[in-house]
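What the coordinates show
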Amino acid sequence: MNRSACYLIGWLCLLIGSSCEITPSPSLQIQSEEQLHQHLLQGWNTWNNPSVLSHVLMPYGLNVQLLLRKTRRGPYWLEDAYFSNKRRAFPEKLTPNGHAYDGSYTSLNMEWEGQAATVQTASEGEEFVLYYAPLDSLSARHILLIEVGFLWNKEGGIEKIADGATIRLAGKNIQLYHTGEESGLKLPRKTSYLSFWSDEEVMISVGKNRSKEEILNFIAEKKEAYDSQSTSYGQLSEAYEAIQILHAWNTIYDANNDRLITPVSRVWNEAWGGYILFDWDTYFTALMLSLDQKEMAYSNAIAITHAISDSGFVPNVETYYLKSEDRSQPPVGAMVCKLIYDRYQEEWFLEAVYDKLLGWNRWWDKHRNNQGFLSWGSDPHPRGLDGHSKQGAKWESGLDNSPLFDEAEFNEETHMLELASAGLMGLYVADCQYLSEMASILGKETEAEELLERKERYAEKLEELWDEESGIYRDKYVNTGEFSAHLAPTNFYPLIGKVPTQVQAERMIAEHFMNPEEFYGEWMLPSIARNDPGYLDNSYWRGRVWAPMNFLVYMGLRNYQLPEAQGVLAERSLALIMKSWRAERSVYENYNSSTGEGGDVRNSSSFYSWGGLLAFIAMMENGYFPTEDKGSE
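Please read these numbers as outputs of a predicted model, since none were measured by experiment.

Rules behind the numbers
- Along each chain, numbering runs from 1 in the same order as the chain's sequence is written.
- Thresholds applied to this predicted model are a pLDDT of at least 70 for local features of residues and 80 or more for the giving and counting of side-chain atom pairs; totals over whole chains, interfaces and linings are not thresholded and use all residues.
- By convention in this description, side-chain values take in all heavy atoms of the structure and omit both hydrogens and water.
- Paired strands are those between which DSSP finds at least two bridges.
- In DSSP terms, a helix is any run of H or I states spanning at least four residues, a strand is any run of E spanning at least two, and both are numbered starting from the N terminus.
- For helices, the fitted axis covers only the stretch in contact; all axes are lines through C-alpha atoms, and the angles between them, taken along N-to-C directions, range from 0 to 180 degrees.
- Note on contacts: a residue pair qualifies if any of its non-hydrogen atoms lie within 4.5 Å across the two residues.
- Basic side-chain nitrogens of Lys or Arg form a salt bridge, by our definition, when they fall within 4 Å of a carboxyl oxygen of Asp or Glu.
- Note on exposure labels: buried denotes an accessible area under 20% of the residue type's maximum, exposed denotes more than 50%, and partly exposed covers the range between, all computed with a 1.4 Å probe on protein chains only.
- Working rule for angles: under 35 degrees goes down as roughly parallel, over 145 as roughly antiparallel, 65 to 115 as roughly perpendicular, anything else as oblique.
- By convention, the crossing between two helices is left-handed when the near helix turns anticlockwise from the far helix through less than a right angle, and right-handed when the turn is clockwise.
- Pairing of aromatic rings covers Phe, Tyr and Trp, the last counted by its six-membered ring, and requires centre-to-centre distances within 6.5 Å; plane angles under 30 degrees mean stacked, over 60 mean edge-to-face, and any other angle means tilted.
- By definition, being over a ring means that NZ of Lys or CZ of Arg is both within 6 Å of the ring centre and within 35 degrees of the ring normal.
- N or O atoms closer than or at 3.5 Å make up a polar contact, with two conditions inside protein: a donor-capable atom paired with an acceptor-capable one, and, for residues adjacent in sequence, both atoms drawn from side chains.
- One less than the number of residues in a helix, times 1.5 Å, gives the span that helix is expected to have.
- Gly counts as polar in this scheme, as do all residues outside two lists: the nonpolar Ala, Val, Leu, Ile, Met, Phe, Trp, Tyr, Cys and Pro, and the charged Asp, Glu, Lys and Arg.
- We define the nonpolar core as a collection of buried residues of types Ala, Val, Leu, Ile, Met, Phe, Trp, Tyr and Cys that are connected through side-chain atoms lying within 4.5 Å of one another.

**So, the sheet that holds strand S10 (residues 157–161)**
Strand order in the open sheet formed by 8 strands is S5-S6-S7-S8-S14-S12-S11-S10, and the pairing between neighbours is antiparallel. On the outer flanks of this sheet lie strand S5 (93–99) and S10, each paired with one strand and no other. Strand-to-strand twist in this sheet, taken as the mean axis angle between neighbours without regard to direction, amounts to 15°. Bridge count for strand S11 (residues 164–169) against strand S12 (residues 172–179) is 6 bridges, and the pairing is antiparallel. Looking at the pairing, Leu169 lines up with Lys172 of S12. Here helix H3 (residues 212–231) sits on the sheet and contacts S5, strand S6 (105–112), strand S7 (115–124), strand S8 (127–134) and strand S14 (202–206); the angle it forms with S7, its principal contact strand, is near 75°. Along the sheet, helix H4 (residues 237–250) makes contact with S5 and S6, crossing S5 at roughly 115°.

**Describing the pattern of salt bridges**
Side chains carrying opposite charge are able to pair once their charged atoms draw close together. Here the structure, examined in full by the defined rule, presents 31 salt bridges. Across the salt bridge formed by Lys172 and Glu126, the nearest N and O atoms sit 2.7 Å from each other. Of this pair, Lys172 sits in strand S12 while Glu126 sits in the loop between S7 and S8, and the two are 46 residues apart along the sequence. You can call Glu126 partly exposed: its relative accessible area is 27%. Overlapping salt bridges, with partners in common, bring together Glu79, Glu147 and Arg189 in one network.

**Topic: the packing of helix H11 (residues 422–441) against helix H12 (residues 445–462)**
Two numbers describe how H11 lies on H12: the axes approach to 8 Å, and their chain directions differ by 160°. As summarised for this structure, H11 and H12 are arranged roughly antiparallel, according to the angle between their axes. Remark: the crossing between H11 and H12 carries left-handed chirality. Residues Ala422, Met425, Gly426, Tyr428, Val429, Cys432, Gln433, Leu435, Ser436, Ala439 and Ser440 of H11 form the contact with H12, whose own contacting residues are Glu445, Glu447, Ala448, Leu451, Leu452, Arg454, Lys455, Tyr458, Ala459, Lys461 and Leu462.

**A short note on the packing of aromatic side chains**
For the structure on display, the rule yields 35 aromatic pairs. Each ring, one from Phe83 and one from Phe607, has its centre 4.7 Å from the other, and the planes form 45°; the classification is tilted. Placement of the pair is Phe83 in the loop between strand S4 (77–78) and S5 and Phe607 in the loop between helix H15 (563–584) and helix H16 (613–621), with a sequence separation of 524 residues. In this structure Phe607 comes out as buried when scored by relative accessible area, which is 6%. Stacked on the ring of Trp77, the Lys or Arg Arg189 has its end atom at 4.4 Å from the ring centre. Lying over the aromatic face of Phe218, Arg210 brings its terminal NZ or CZ to 4.1 Å of the ring centre.

**A few points about the pairing of strand S2 (residues 54–58)**
Of all the 5 residues making up S2, 5 are buried; the element is thus mostly covered by neighbouring parts of the structure. Alternating positions in S2 separate into two faces, Ser54, Val56 and Met58 on one and His55 and Leu57 on the other, with burial throughout. Bridge count for strand S1 (residues 43–45) against S2 is 3 bridges, and the pairing is antiparallel. If you follow Gly43 over to S2, its bridge partner there is Met58. Across 4 bridges, the pairing between S2 and strand S3 (residues 62–69) is antiparallel.

**Examining the side chain of Glu518**
Structurally, Glu518 can be placed in the loop between helix H13 (502–513) and helix H14 (547–557). Here His512 takes part through its side chain, which lies 2.6 Å from a polar atom of the side chain of Glu518. If near-sequence neighbours (up to four positions away) are discounted, Glu518 is found in contact with Leu487, Glu511, His512, Pro526, Ala529, Arg530 and Asn531.

**Section: H15**
When the terminal C-alpha atoms of H15 are compared, their 32 Å separation across 22 residues agrees well with the 32 Å that a helix rising 1.5 Å per residue should span. Of the residues one or two after H15, Arg585 is the one with positive phi, at around 60°.

**Description of the packing of H4 against H16**
Between two packed helices, the angle of one axis relative to the other and the distance separating the axes together describe the packing. In contact at an axis separation of 9 Å, H4 and H16 are set at 135° when each is read in the N-to-C sense. By the angle between their axes, H4 is oblique relative to H16. Seen from above, H4 lies across H16 with left-handed handedness. Note on element contacts: H16 touches H4 through Ala615, Phe616 and Met619, opposite Ala239, Tyr240 and Ile243. Tallied by class, the residues present in the contact of H4 with H16 amount to 6 nonpolar, no polar and no charged.

**A closer look at the nonpolar core**
One recurring pattern in soluble globular proteins: nonpolar side chains tend to sit buried together. Core analysis: the biggest nonpolar cluster contains 206 residues, and Phe551 and Phe616 have the highest contact counts within it. Here Phe551 is in contact with Phe284, Leu287, Met335, Leu613, Phe616, Ile617 and Met620, once residues within four sequence places are set aside. Counting residues in each nonpolar core, the second largest holds 5 residues, with Leu67, Ile143, Leu145 and Tyr193 among its members.

**What about the environment of Leu574?**
Tracing the backbone through its elements, the reader meets Leu574 in helix H15. Setting aside anything within four residues of it in sequence, one finds Leu574 in contact with Leu236, Ala239, Leu614, Ala615 and Ala618.

**Here we look at the pairing of strand S9 (residues 143–150)**
Here S9 lies mainly inside the structure; 7 of its 8 residues are buried. Bridge count between S3 and S9: 8 bridges; the pairing is antiparallel. Bridge pairing links Leu62 to Phe150 in S9. By the bridge criterion, 6 bridges tie S9 to strand S13 (residues 192–197) in an arrangement that is antiparallel. Following the sheet pairing, Ile146 is matched in S13 by Leu194.

Remember, this is a structural readout, not a statement about activity or role.
Below you can see the structure in the form of structure tokens.
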């Protein structure tokens, strides 16, 4: 579908207020991971994690990066540059304005030590332009450096010339040009640079010597194409842009594994030595990318699936240097990969992930079976990453400090909490179903039957967690046989596995979801019921709103005839992300369920990947990412 057609469809959707699916644009037919990486790792983009002011040409690793240097009174240098984060204060304030997934257009505003400027870039193939413009005539006068060099030990050379540089790539040379008068300052930098004064306009062009007018026209052309993509989503154009900007800026090059990945945030990457992939975070990112970025979705889903541990589970975390060998995280991989497959119908992708997902499914049955139920746990391991403890088991749940686990004991012999988890079992039943469908597609009927047998066994056991008196599935202490008093969105997860009847589902919604003393409200869903003592903490998983919880509950609602609840959750999830997006261009790790404010100083990143799920729910609800609404069986 060309951009004009997309724009027309989006305009019609806006005009008539209906839901429309945007068909993904046709792309290269890829049949292997090697082809995938070769296709993705091309062209200019913000590949370099430590700075969003760094633009790199792949596969060469040629880096063009902006830096600022004060002339007096520190801090003296702005080298690494990140978007604002309430958890950690940065001296720079960067505001993302736009970012095409393919790097063809980027825009941000920057403020640092009295200097305010806008930076826009555009690219096509190996051609690249950058436009730096001060925003305030009274801006401070710092030194603006544009460094040119090669990253990740890639080969190349640079020869400085009067009006720019000659850059030697593999088998050819390209030229870098600039407008603006260089300062002529000699600075002790380890790579080639151009220096200017920061209160003056500067333009860079690579590959073609463009005039100021040509550079501005090139940027305008790429911005128009960029804008048309979000406009095609009609009333949800802002929602789409939030998802796109978030993930495009968070996408980086993983040099050690020669791949494209989209981790949770650049700040988290740097804190863990280069990159960090979390289990369910990365699967959810892949799902959001699959809205219209098939290859990026594949790359991320394959990356986290192939992080599987020696013990056979997808780990809580994978970094350059270690994995959480003691624990996994919520089993959402099969669901996400099957949804991505349903959108694009490419069996090679299923083949790339299926065997490892099957091994992970078997691992839960073998290692987290607790008297027929499933419980979160943490195994002893020499590289356990602070594991084999109650906290390790809570980390496996993904709900690090949830009140759900306050009274639960950790069994040192079974390596599990003495708590049967209705949420884990609901996810696992769904995992079995999605995997069995994948097995059938791949012609693995014996394994499909194996998976359906496990699904039915755990679905039947899950019914023992139904509390008829309160009308919902509850966690149960396996050492006492008593139901837990705590309720969280996880108690709705049996809907994902289609375990409840329609009548049971209606009770769960009427008595709990729509109950303002528990989950209903202007800002929802709180991560623990509002009437739970733990809710008063309003800290991390103790009462705040988390996008993955909203998404998983929404997926469960779609399995039943529950249109009011489904619509309410989609509408209020969208309102929540738009509140901070419109005000400050931030997407938070979590949100205050009383005020709707994003994040807090202690426990929330402000440019965090899975926050985009709040907008993605609305995309699904309005038909832009159609899945089968199965209704009640």
